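Listed below, chain by chain, are the residues.
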Amino acid sequence: MDEKLNPLRLVLLTVLIGYFAFLFTRPQPEEPLVTQVPAPATTPAPTATTPAPANCLGQITQVAQGVNEIRLTITGSAERILVYTDQGNITAATPEVGSAGEYRIRTPSPATAVQLDDCPVLNLR
């Protein structure tokens, strides 16, 4: 009996090829949770020298930054988070990027500053 044509080997080979074909052809999930806004060309870098306005209800208590994401811990409440990067600004709605005071936002490059609603900007450099 010729072992090259063994039906069990053919079935295993077909299953392996099908598995790897599935891995490489499945659609990648999209990230519609944040919107990227191009950086304004004439606006200077944000600073935190202005006092907090009366409608600033949230405060950033912790920031952890990776290469392509930023994680925030917030006390209080906020409707949106604005993340400044060298490749543009990202605005994220807080209910879509986290809960219970912990938020995670994907960024195209490391963040340079972050802001909650109309609160003062927190520089990260």
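Residues numbered from 1 in each chain as written. Predicted model: local features only at pLDDT ≥ 70, side-chain atom pairs only at ≥ 80, totals over all residues. Heavy atoms only, no water.

**Concerning unusual backbone geometry**
For residues besides glycine, phi is generally negative; the peptide bonds are generally trans as well.
Then step 1. A positive phi is found at A100, a non-glycine position, where the angle reads about 55 degrees.
Then step 2. As for its placement among the helices and strands, A100 is situated in the loop between strand 6 (98-99) and strand 7 (102-106).
Then step 3. With a phi close to 40 degrees, D117 is a non-glycine residue in the positive phi region.
Then step 4. Tracing the backbone shows D117 in the loop between strand 8 (111-116) and strand 9 (122-123). (Helix = DSSP H or I, 4+ residues; strand = E, 2+ residues; numbered from the N terminus.)

**Things to note about the pattern of salt bridges**
Should their charged atoms come close, side chains of opposite charge can pair.
Then step 1. What the rule picks out here adds up to 3 salt bridges.
Then step 2. For E69, the salt bridge is made with R71, and the minimal N-O distance between the two is 3.1 Å.
Then step 3. Assessed through its relative accessible area of 40%, R71 is described here as partly exposed.
Then step 4. One salt bridge connects R80 with D118, and the closest N-O pair in it is separated by 3.4 Å. Of this pair, R80 sits in strand 4 (residues 80-85) while D118 sits in the loop between strand 8 and strand 9, placing them 38 residues apart in sequence.
Then step 5. Through salt bridges that share partners, E69, R71 and R104 make up one connected network. (Salt bridge = Lys/Arg side-chain N within 4 Å of Asp/Glu carboxyl O. Buried < 20%, exposed > 50% of the residue type's maximum accessible area, 1.4 Å probe, protein only.)

**Observations regarding the pairing of strand 4**
Then step 1. In terms of residue burial, strand 4 counts as a mostly covered element, since 5 of its 6 residues are buried.
Then step 2. The sheet contact formed by strand 4 and strand 5 (residues 88-93) spans 6 bridges and is antiparallel. For Y84, the partnering residue across the bridge sits in strand 5 and is N89.
Then step 3. Joining the antiparallel neighbours strand 4 and strand 5 is a turn of 2 residues.
Then step 4. In this sheet, strand 8 lies alongside strand 4 in antiparallel orientation, the contact comprising 5 bridges. Counted as the bridge partner of L82 is Q115 from strand 8. (Pairing = 2+ DSSP bridges.)

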